[in-house]
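Coordinate inspection notes
Chain by chain, the residues:
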Amino acid sequence: MTSAPAIELRSFTDLDAARGDLLDVYAEVRAPLLHLANYAVSSFGERLDRHASEPGFQAVLAYEGEHPVGYAYGNRIEDGDRYWQRTDPAPDEKWSAQSAVALKEIGVRPGWRGTGVARRIHDTLLAGRDEPYVTLMVNEAAGDGKVHALYRAWGYEDIGHSQPSPASPRLTVMVRPIR
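Below you will find a few notes about this structure. The residue numbers shown here count from 1 along each chain, following its written sequence. With pLDDT at 70 or above as the cut-off, local features in this predicted model cover only qualifying residues; side-chain atom pairs require 80 or more to be listed or tallied, and sums for whole chains, interfaces and linings still use all residues. Only hydrogens and water are removed before side-chain values are computed, so all heavy atoms of the structure are retained for them.

A few words now on the sheet that holds strand S6 (residues 157-162). Judged by pairing direction, the sheet is mixed, and its seven strands sit side by side in the order S1-S2-S3-S4-S5-S7-S6 without closing on themselves. The open sheet terminates on both sides in strands that have one partner only, identified here as strand S1 (8-12) and S6. Strand after strand, the sheet turns through a mean of 25° between neighbouring axes, direction not considered. Any two residues having at least one pair of non-hydrogen atoms within 4.5 Å are treated as being in contact. Working convention: axes come from line fits to C-alpha atoms, limited for helices to the stretch in contact. Angles between N-to-C directions cover 0 to 180 degrees. Every helix listed is a DSSP run of H or I at least four residues long, and every strand listed is a run of E at least two residues long, numbered separately from the N terminus. Most of the contacts of helix H2 (residues 41-52) go to strand S3 (residues 67-77), to which it runs at about 50°, and overall it touches S3 and strand S4 (100-108). Strand pairing follows a simple DSSP-based rule, namely that at least 2 bridges must link the two strands.

Quick look at H2 now. The span expected for a helix works out to 1.5 Å for each residue beyond the first. If you check H2, its first and last C-alpha atoms are 16 Å apart, about what twelve residues at 1.5 Å a residue would give, namely 16 Å. For H2, the complete set of buried residues consists of Ser43, Phe44, Gly45, Arg47, Leu48 and His51. Tucked into the core, H2 has its buried residues touching helix H1 (19-29), S3 and S4. Exposure categories follow from relative accessible area, calculated using a 1.4 Å probe and restricted to protein chains: below 20% of the type maximum is buried, above 50% is exposed, and the middle band is partly exposed.

Moving on, we get to the pattern of salt bridges. A carboxyl oxygen of Asp or Glu within 4 Å of a side-chain nitrogen of Lys or Arg is what we treat as a salt bridge. Per the stated rule, a full pass over the model turns up twelve salt bridges. In this structure, Glu8 engages Arg10 in a salt bridge whose closest nitrogen and oxygen atoms are separated by 3.2 Å. One salt bridge connects Asp158 with Arg152, and the closest N-O pair in it is separated by 2.6 Å. The exposure class of Asp158 is partly exposed, given its relative accessible area of 30%. The network of salt bridges with shared partners includes Arg76, Glu78, Arg129 and Glu131.

Put simply, two rings from Phe, Tyr or Trp (the six-membered ring, in Trp's case) pair if the centres are within 6.5 Å, and we call them stacked under 30 degrees between planes, edge-to-face over 60, tilted for the rest. This model, assessed by the stated rule, comprises eight aromatic pairs. Measuring from ring centre to ring centre gives 5.7 Å for Phe57 and Tyr73, while their planes differ by 50°; the resulting arrangement is tilted. One end of the pair, Phe57, is in the loop between H2 and strand S2 (58-64); the other, Tyr73, is in strand S3, and 16 residues separate them in sequence. In this scheme, Lys NZ or Arg CZ marks a charge over a ring once it lies within 6 Å of the ring centre and within 35 degrees of the ring normal. Cation over ring: Arg10 sits above Tyr63, and NZ or CZ is 3.8 Å from the ring centre. The ring of Tyr156 carries the charged tip of Arg176 above its face, separated from the ring centre by 5.6 Å.

In this structure, Leu103, Ile121, Val134, Leu136, Tyr151 and Tyr156 are the most contacted members of the largest nonpolar core, which totals 22 residues. Every element with two or more residues in this core is listed here: S2, S3, S4, helix H5 (117-127) and strand S5 (133-138). Excluding anything up to four places from it in sequence, Leu136 contacts Tyr83, Leu103, Tyr151, Tyr156, Thr172, Val173 and Met174. By size, the runner-up hydrophobic cluster in this structure holds 17 residues, among which are Phe12, Ala18, Leu23 and Tyr73. Buried residues of nine kinds, namely Ala, Val, Leu, Ile, Met, Phe, Trp, Tyr and Cys, make up a nonpolar core once their side-chain atoms join them within 4.5 Å.

Turning to the packing of H1 against H2, a few remarks are in order. Angle between the axes and distance between the axes: these two values describe a pair of packed helices. One can describe the packing of H1 onto H2 by two numbers: an axis separation of 10 Å at closest approach and a directional angle of 140°. As the angle between them shows, H1 and H2 are arranged oblique. Viewed along their axes, H1 and H2 form a crossing whose handedness is right-handed. Within the contact between the two elements, H1 uses Arg19, Leu22, Leu23, Tyr26 and Ala27 and H2 uses Val41, Phe44, Gly45, Arg47, Leu48 and Asp49. Side-chain classes follow a simple rule in which Ala, Val, Leu, Ile, Met, Phe, Trp, Tyr, Cys and Pro form the nonpolar group, Asp, Glu, Lys and Arg form the charged group, and the remainder, Gly included, forms the polar group. Split by residue class, the contact of H1 with H2 holds seven nonpolar, one polar and three charged. Note on angle classes: values under 35 degrees are labelled roughly parallel, values over 145 roughly antiparallel, values of 65 to 115 roughly perpendicular, and the remainder oblique. Crossing handedness follows the turn of the near helix against the far one: under a right angle anticlockwise gives a left-handed crossing, and clockwise gives a right-handed one.

See the structure below:
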């Protein structure tokens, strides 16, 4: 890993203040996949709008000056949430019987990868949360398996699989305690 650049982390609970920057960073982060329906910027925008309307929405963006270089966002999910209903096998009640943070997206522009920015964004997003657990879904093929391995190194463990929509790939559901 190279040294961390000088960045400012900004937290948002109002999507309007961050939506444009989120879409810009997403478009660069997912550029190789944008031709696939599930990864199109319009599809991401629809998911983002839906997630932002759910309880506990929060986004954290990293800026170098006024240039957004990375983001993460999530929201609170409860027992019985469709997130858990789509997980196979059904998650242990240890994870699903209480509120959890669902980390819906995290991405860093290519020029800032390997600098620790993603971890700083991730940790800032979780720092003020009251939920005991965080969960995410990862495509095991992302980065030739490096993304999945990175989440394991951050303390996440695999608990099942999910396919959130017909257009999405089969994803691995991971979880870890927040603290």
